[in-house]
Amino acid sequence: MSSALLTLPALIDPHVHFRVPGGEHKEDWRTGAAAAIAGGVTTVLDMPNNNPACTTKERLEEKKRLIDAQLAEVGIPLRYGLYLGASEKTVSEIENARGGYIGIKVFLGQSTGDLLMDNDTAFEEVCHTAARLGTIVAVHAEDEKIMQNLKASLSPESLTNVRVHSRIRGREAAITAMKKAIALGKKYGTKLYILHASTKEEVALIRQAKHDGVTIALETTPHHLFLNESAYETLGTKAQMNPPLRTPEDQAALWEGLMDGTIDTIGTDHAPHTLEEKGQPYGKAPSGVPGIETLLPLLLTAVRDGKLTLDRFMAVTRTNAEKFFDLPSNDDTVVVDMNTVRPVRGSTFKTKCGWSPFEGWELVGWPAYTVLRGKKVESTTASRRGPAKGGRK
Ligand code: DOR
Ligand code: ZN
């Protein structure tokens, strides 16, 4: 079939983990930026669960210096924003570091790294302060105490199978945490950005909150849209992420929310870990999957299949994030091929981790090239051929 090239606004990924500083063996901004461009993404918002965690003005400034040096090295002037991590001891940094971050990131449940806010009073203080300063609070909504209790109630044997991940991090944890965030948003008028919604109940809660006039935006991820718990059978710990995969019914609710405007954005939660790390048994393997190079073809294949309209695609991958985070507008574009079907091959990707949970999926809409700040950057990912090299460490 002949190629059908289509020019689209380049994508904004409001949720990536490019691992600088402290996780450079998984990803850095040389490989992360190349992966973004190969995926048609020209703006990323990067998370603070680094090592050390990015919780102060000083650490933000140091992180920016490292990023700018790496981007200069590879000659990719990627657009980016950084989140400031919230911790109980550094709430004053919200004001101190003002102007240097795109939003405050709160982990209500533990995930990769040591950022955690399981103290209700501190979370309330963060929401209150952020509202006063007009700053966005981005919430990882999973309740730590509920997850700890669920884990304690399970037998040691059951804790060895990765499928238990979806039980430990059960839907109640997500629903409770989201209710807490919405209540504070209502109380203080905080601008809330709810990350990676995974359950049908969360979609319903946000639909209601928007109806009630709360300033809130909802994100979901490609993996929660395209995968469900059955993926543990084939992918094992490669299907382990936080929040975990859910049921086909939840997936259907996410697609509905995407189409009716309840879901505002798709963030990849690009969370690279090496194949070696992911190959460890459950309990040792870290949570998270890479996604920045498969976002565009997954969604455009859904457009081809009639599951998503091109209008909604552009809203959730670009314009909604631009508006909500008040990003300066730009003319970046991505040119995609809607006719050529190609399989996902993680080993050909630019991301340092070199694998994908969508390995082998036959997709359309791979980028031919991306235009960043008026300059054309060829995408070699889709056209690179040759035997798989296996994961890089
Ligand atoms: O699966 C996840 N991985 N969820 C998170 O919240 C963090 C992320 C990571 O940084 O690896
Ligand atoms: Zn994340």
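Computed from a prediction, not measured in an experiment: that's the story for all the values here. (Residues numbered from 1 in each chain as written. Chains lettered and ligands numbered in written order. Predicted model: local features only at pLDDT ≥ 70, side-chain atom pairs only at ≥ 80, totals over all residues. Heavy atoms only, no water.)

Visitor: Got a minute to help me understand the coordination of the zinc ion (ligand 2) in this structure?
Guide: Each pair of donors in an ideal four-coordinate tetrahedral metal site encloses 109.5 degrees, whereas pairs in an ideal six-coordinate octahedral site enclose 90 or 180 degrees. For the zinc ion (ligand 2), the full set of protein donor atoms is H15 (NE2), H17 (NE2) and D269 (OD), and the range of their distances to it is 2.0 to 2.2 Å. If you list the donors of the zinc ion (ligand 2) from N- to C-terminus, the spacing comes out as H-x1-H-x251-D. There is no split in this pair, since H15 and H17 are both buried. (Donors = N, O, S within 2.8 Å, 3.2 Å for Na, K, Ca; no water. Buried < 20%, exposed > 50% of the residue type's maximum accessible area, 1.4 Å probe, protein only.)

Visitor: Would you mind showing me how to read unusual backbone geometry here?
Guide: Negative phi values dominate among residues other than glycine, just as trans dominates among peptide bonds. Omega for the bond connecting V20 with P21 falls within 30 degrees of zero, at 0 degrees, which places this linkage in the cis form. Residue placement: P21 occurs in the loop between β2 (11-16) and α1 (29-38). With an omega of 5 degrees, the peptide bond between N51 and P52 qualifies as cis. Assignment of secondary structure puts P52 in the loop between β3 (41-46) and α2 (57-74). One non-glycine residue with positive phi stands out, namely R373, at about 50 degrees. Structurally, R373 is set in the loop between β13 (366-372) and β14 (375-378). (Helix = DSSP H or I, 4+ residues; strand = E, 2+ residues; numbered from the N terminus.)

Visitor: Is there a simple way to explain the site of ligand 1 in this structure?
Guide: Around ligand 1, the structure places 14 residues, and the nearest of them are R19, N49, S111, T112 and N242. One of the side-chain nitrogen or oxygen atoms of N49 is found 2.9 Å away from an oxygen atom of ligand 1. Within the contact set of ligand 1, an oxygen atom lies 3.0 Å away from a side-chain nitrogen or oxygen of H273. Starting from 290 Å² of accessible surface for ligand 1 in isolation, the protein chains cover 99%. Across the shell around ligand 1, the residue classes tally to three nonpolar, nine polar and two charged. (Near = heavy atom within 4 Å. Polar contact = N/O pair within 3.5 Å; in protein donor to acceptor, adjacent residues only side chain to side chain. Areas by Shrake-Rupley, 256 points an atom, 1.4 Å probe, with all protein chains shown as cover. Nonpolar A, V, L, I, M, F, W, Y, C, P; charged D, E, K, R; others polar.)

Visitor: I would appreciate a short explanation of the sheet that holds β3 in the present structure.
Guide: Strand order in the open sheet formed by eight strands is β2-β3-β4-β5-β6-β7-β8-β9, and the pairing between neighbours is parallel. Single-partner strands in this sheet number two, and they are β2 and β9 (265-266). Pairing geometry for strand β4 (residues 79-85) and strand β5 (residues 103-107), over three bridges, is parallel. In the sheet register, Y83 faces β5, and the bridge partner there is G103. This element, helix α8 (residues 200-211), spans β7 (191-194) and β8 (216-220) of the sheet and lies at about 160 degrees to β8. (Pairing = 2+ DSSP bridges. Contact = heavy atoms within 4.5 Å. Axes fitted to C-alpha atoms, helices over the stretch in contact; angles between N-to-C directions.)

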